[in-house]
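Each chain, written out:
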Amino acid sequence: MTFEAKHGTAIGSGAENQDLALTGADWALVLDGANPPAGVDTGCSHGVAWIVDRLGAHLGAGLDGAGTLAAILREAVIATVADHGPGCDTAHPRSPGATVALARLVGDDLEWLVLGDAAILFEDTTGRVAVETDLRVNELPEPPDTAEGLEAFIARYRNQPGGAWFAGAVPEAADHAFTGRQPIAELRRILLCTNGITRLTGRYDYRDADLMTLATTNRGPEALIDAVRGAELTDPDPQRWEGKRHDDATAVVVDLH
Ligand SMILES: [Zn+2]
């Protein structure tokens, strides 16, 4: 059995790439920093890319050790909060955070965790592709249309019970991640993606299995990035989508056999 990971990442329409992919001997992760609108107070001066970098460093250190994925994520959030220092208000409802997808070999199993709309695709030994993701952020009631209403909405739902959870400033978020494990013997490969990649299935006509097929071509994850940029650039009506024209797009494909 092997754990051969290839990753790719591309900046979207923003000024910096707030996605991150990291891999170790037996683990892989992707993070996607959530960007507050320009000018909105977040309780601190640290940018989203800084948060993602800190979380990634602490997760990588944790994944090289023991403990459950949820416990590793919880400790990484605690360590990231400590990195902010006392001048930052990490209890602020807008304190920056990230979506997360983690996978790691443990004995004969692959353990996984997703928090937010990052995704992990699993191709089994029969070629069937399944996906795990956390779309709770899409299931919240419609946000109000006043600025005050929006801030109250975020305070009510962001990293709150019944709302949507992100990794950043609230260690309890780790307890709300979706987790599981699967015998390695049943798996051929996995693909971890940020939502800049999974818009291929959410917006365009790709199936989950198509993403896996693209990822296993010679260009690997770069083929997924090419596909999403191609779909965006030929979209006849890009205005119909919320969010950026091009989001940061990141993928890691891991061959397990
Ligand atoms: Zn800070």
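Use the structure listed above.
Just so we're clear, the structure is a prediction, and the values are computed from it rather than from any experiment.

Engineer: I'm lost on the overall build of the chain in this one. Help?
Structural biologist: Looking only at helices and strands, the chain has six helices and 10 strands in total. For 257 residues, the compact-globule estimate of 2.2 N^0.38 gives 18 Å, and the C-alpha radius of gyration of the chain, at 18 Å, lies within 12% of that figure. The principal-axis extent of the C-alpha atoms belonging to the chain is close to 50 × 50 × 30 Å. A total of 257 residues make up the chain; the buried ones form 48% of that total. Within the chain, contacts between residues separated by at least 24 positions form 70% of all contacts whose residues are at least 6 apart in sequence.

Engineer: Quick question: what am I supposed to make of the sheet that holds strand β5 (residues 109-115) here?
Structural biologist: Sheet strands line up and pair through hydrogen bonds in the backbone, either parallel or antiparallel. Pairing in this open sheet of five strands is antiparallel, and the strands run β2-β3-β4-β5-β8 from one edge to the other. Each end of this open sheet is capped by a strand with a single partner; those strands are β2 (19-23) and β8 (178-183). Across this sheet, the average inter-strand angle for adjacent strands is 10 degrees, counted without regard to direction. When strand β4 (residues 98-106) meets β5, the two strands line up antiparallel, connected through seven bridges.

Engineer: What exactly am I supposed to notice about the coordination of the zinc ion here?
Structural biologist: Any two of four tetrahedral donors ideally make an angle of 109.5 degrees at the metal, while pairs among six octahedral donors ideally make 90 or 180 degrees. Listed as protein donors to the zinc ion are C44 (SG), H46 (ND1), H84 (ND1) and C88 (SG); their distances from the metal cover 2.1 to 2.4 Å. The site at the zinc ion holds four donor atoms, and with the angles between them running 102 to 117 degrees, its shape is tetrahedral. Positions of the donor residues of the zinc ion, expressed as sequence spacing, correspond to C-x1-H-x37-H-x3-C. Pair noted here: H46 is in the loop between β3 (27-33) and α1 (48-63) and C88 is in the loop between α2 (69-84) and β4, with a separation of 42 residues, a long-range link.

Engineer: Explain the side chain of R104 to me, please; I cannot follow it from the model alone.
Structural biologist: As for its placement among the helices and strands, R104 is situated in strand β4. Exposure remark for R104: the relative accessible area of 4% places this residue in the buried category. A polar contact is formed between the side chain of R104 and the backbone oxygen of G67, at a distance of 2.6 Å. With residues up to four places along the chain from it excluded, the contact list for R104 reads D26, W27, L63, G65, A66, G67, T68, L69, I72, D109, L110 and E111.

Engineer: Before we go on, may I ask you to explain the packing of α1 against α2 in this structure?
Structural biologist: Where α1 contacts α2, the axes come no closer than 8 Å and their chain directions differ by 135 degrees. By the angle class used here, α1 and α2 are oblique. Regarding α1 and α2, the two cross each other, and that crossing is right-handed. The residues of α2 that touch α1, namely those facing W50, I51, R54, L55, H58, L59, G62 and L63, are L69, I72, L73, A76, V77, A79, T80, D83 and H84. Of the residues assigned to the contact of α1 with α2, the class counts are 11 nonpolar, four polar and two charged.

Engineer: Which parts of the structure should I look at to understand the packing of aromatic side chains?
Structural biologist: Each aromatic ring pair is described using two quantities: the centre-to-centre distance and the angle formed by the ring planes. On inspection of all chains with the given rule, the structure shows three aromatic pairs. Note on Y204 and W241: the rings are 6.1 Å apart at their centroids and 65 degrees apart in plane angle, and the pair reads as edge-to-face. Taken as a pair, Y204 in the loop between α4 (195-202) and α5 (208-215) and W241 in the loop between α6 (221-233) and β10 (249-255) lie far apart in primary sequence, 37 residues in all. In this structure Y204 comes out as buried when scored by relative accessible area, which is 13%.

Engineer: What is the right way to look at the pairing of strand β7 (residues 129-133) in this model?
Structural biologist: Where strand β6 (residues 119-124) and β7 come together, five bridges link them in antiparallel fashion. Residue F122 lies in a different strand from β7, and its bridge partner there is A130. Taking the residues between adjacent antiparallel strands as the criterion, β6 and β7 are bridged by four residues, where G127 takes a positive phi near 95 degrees.

Engineer: Please explain the side chain of T42 as it appears in this structure.
Structural biologist: Structurally, T42 can be placed in the loop between β3 and α1. Among the polar contacts listed, one links the side chain of T42 to the backbone oxygen of C44, at a separation of 3.0 Å. Residues in contact with T42, not counting those within four places in the same chain, are P36, D89, H92, R94, S95 and P96.

Engineer: Teacher, can you tell me more about the nonpolar core here?
Structural biologist: Membership of the largest hydrophobic core comes to 24 residues, with the highest contact counts inside it found for L59, L73, V100, L102 and L115. With six residues, the top contributor of residues to this core is α1. Those residues within four positions of V100 in sequence are excluded, and the remaining contacts are V30, L31, L73, L113, V114, L115, A118 and A167.

Engineer: What's the story with α1 in this structure? I'm lost.
Structural biologist: Two residues of an α-helix separated by three or four positions point the same way, owing to the 3.6 residues in each turn. For α1, spanning 16 residues, the distance from its first C-alpha to its last is 22 Å, which sits close to the expected 22 Å at 1.5 Å a residue. Among all positions in α1, only V48, I51, V52, L55, G56, L59, G60, G62 and L63 are buried. Relative to the axis of α1, the buried residues are bounded by an arc of 160 degrees and lie together on one face. Packed against the buried residues of α1 are β2, β3, α2 and β4.

Scoring rules and cut-offs
Residues numbered from 1 in each chain as written. Predicted model: local features only at pLDDT ≥ 70, side-chain atom pairs only at ≥ 80, totals over all residues. Heavy atoms only, no water. Helix = DSSP H or I, 4+ residues; strand = E, 2+ residues; numbered from the N terminus. Rg over C-alpha atoms; globule rule 2.2 N^0.38 Å. Buried < 20%, exposed > 50% of the residue type's maximum accessible area, 1.4 Å probe, protein only. Contact = heavy atoms within 4.5 Å. Pairing = 2+ DSSP bridges. Axes fitted to C-alpha atoms, helices over the stretch in contact; angles between N-to-C directions. Donors = N, O, S within 2.8 Å, 3.2 Å for Na, K, Ca; no water. Tetrahedral: all angles 85-135°; square planar, octahedral: opposite > 155°, others 65-115°. Polar contact = N/O pair within 3.5 Å; in protein donor to acceptor, adjacent residues only side chain to side chain. Parallel < 35°, antiparallel > 145°, perpendicular 65-115°, else oblique. Left-handed = near helix turned anticlockwise from the far one by under 90°. Nonpolar A, V, L, I, M, F, W, Y, C, P; charged D, E, K, R; others polar. Phe/Tyr/Trp six-rings, centres within 6.5 Å; stacked < 30°, edge-to-face > 60°. Core = buried A, V, L, I, M, F, W, Y, C linked by side-chain atoms within 4.5 Å. Expected span 1.5 Å × (residues − 1). Arc of directions from axis to C-beta.

Treat this as a map of the structure, not an account of what it does.
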